[in-house]
Amino acid sequence: AGALKEACKQLAIRTYEEVKKVSKWEGKPIDTLLTRIDIGIVTDKSLKLGYKIFVNEIEPQICAWLGRYCPYEIADLMGNACISQARKALKLTLEKGRKLPDKEKVRALLHILDERLGPLTK
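Quick notes on the rules
- Residues numbered from 1 in each chain as written.
- Predicted model: local features only at pLDDT ≥ 70, side-chain atom pairs only at ≥ 80, totals over all residues.
- Heavy atoms only, no water.
- Helix = DSSP H or I, 4+ residues; strand = E, 2+ residues; numbered from the N terminus.
- Buried < 20%, exposed > 50% of the residue type's maximum accessible area, 1.4 Å probe, protein only.
- Contact = heavy atoms within 4.5 Å.
- Areas by Shrake-Rupley, 256 points an atom, 1.4 Å probe, with all protein chains shown as cover.
- Lys, Arg positive; Asp, Glu negative; His and termini not counted.
- Charge placed at Lys NZ, Arg CZ, Asp CG, Glu CD.
- Core = buried A, V, L, I, M, F, W, Y, C linked by side-chain atoms within 4.5 Å.
- Polar contact = N/O pair within 3.5 Å; in protein donor to acceptor, adjacent residues only side chain to side chain.
- Patch = residues over 30% accessible without salt bridge, like charges linked within 9 Å, V, L, I, M, F, W, Y side chains within 5 Å.
- Salt bridge = Lys/Arg side-chain N within 4 Å of Asp/Glu carboxyl O.

1. Concerning the overall build of the protein chain
At step 1: For the protein chain, the count of helices and strands is three helices and four strands.
At step 2: Reading the secondary structure of the protein chain in the N-to-C direction produces α-β-β-β-β-α-α.
At step 3: Taking the principal axes of the C-alpha coordinates as reference, the protein chain spans close to 65 × 30 × 20 Å.
At step 4: Split into buried and exposed, the 122 residues of the protein chain put 24% on the buried side.
At step 5: When contacts within the protein chain are restricted to residue pairs at least 6 apart in sequence, long-range pairs at least 24 apart make up 53% of them.
At step 6: Summed over its atoms, the accessible surface of the protein chain is roughly 9,000 Å², and 58% of this surface lies on carbon and sulfur atoms.
At step 7: The distance from the centre of the 23 positive side-chain charges to the centre of the 16 negative ones in the protein chain is 4 Å.

2. Some remarks on the nonpolar core
At step 1: Judged by nonpolar contacts, Leu-4, Cys-8, Leu-11, Ile-37 and Ile-39 together constitute the single largest core of five residues.
At step 2: Of the residues forming this core, the biggest block, three residues, is contributed by helix α1 (residues 2-22).
At step 3: Setting aside chain neighbours within four positions, we find Cys-8 in contact with Ile-39, Ile-41 and Ile-53.

3. Side note on the environment of Cys-82
At step 1: Assignment of secondary structure puts Cys-82 in helix α2 (residues 74-96).
At step 2: A sequence separation of 39 residues divides Cys-82 from Thr-121, and the C-alpha atoms of the two residues are 14 Å apart.

4. Notes on the environment of Glu-17
At step 1: The topology assignment puts Glu-17 in helix α1.
At step 2: At 3.4 Å, the side chain of Glu-17 and the side chain of Lys-20 are in polar contact.

5. As for a nonpolar patch on the surface
At step 1: A cluster of nonpolar residues, Ile-41, Leu-49 and Tyr-51, forms a patch on the protein surface that exposes about 240 Å² of accessible area.
At step 2: Among the structural elements, Ile-41 can be located in strand β3 (residues 35-43).
At step 3: On the accessibility criterion, Ile-41 (42% relative accessible area) is partly exposed.

6. What about the environment of Leu-109?
At step 1: In this structure, Leu-109 sits in helix α3 (residues 103-117).
At step 2: Separated by 22 residues in sequence, Leu-109 and Arg-87 have C-alpha atoms that sit 9.8 Å apart.

7. Here's the deal with the pattern of salt bridges
At step 1: Taken as a whole and judged by the stated rule, the model has 10 salt bridges.
At step 2: The shortest N-O distance in the salt bridge between Glu-17 and Lys-20 comes to 3.4 Å. Here Lys-20 and Glu-17 lie together in helix α1, a separation of three residues that amounts to about one turn.
At step 3: Here Lys-20 falls in the partly exposed class, since its relative accessible area comes to 36%.
At step 4: Between Glu-95 and Lys-28 there is a salt bridge whose closest N-O contact spans 3.6 Å. With a gap of 67 residues between them, Glu-95 in helix α2 and Lys-28 in strand β2 (residues 28-29) connect regions that are remote in the sequence.

These figures come from the coordinates and say nothing about function on their own.
Okay, here's the thing in structure tokens:
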């Protein structure tokens, strides 16, 4: 099923490109931590591949933590990604001028994280 597998992969890639267009925080693009794209397949002999391929569902972030299927330790990777994304979201919120309780404390703690973890990358 090489052609079928490749067609499913390409649909998932196109779908994720659409997900990235609407993933925003404070109006600015922000990467999703993990997105599960469920591709469905139905036999349809009238089509070239013999199957109808469709996006069944898109699950964001925590919904998609299927560690039992992951060939590596996902908790460590996701922990680091969560910290990075929280830093980005807080920085965007501060830049936008939103009201936050203890805004200066948030700013100071982000500075400490920058010193310890290095600057955020895009």
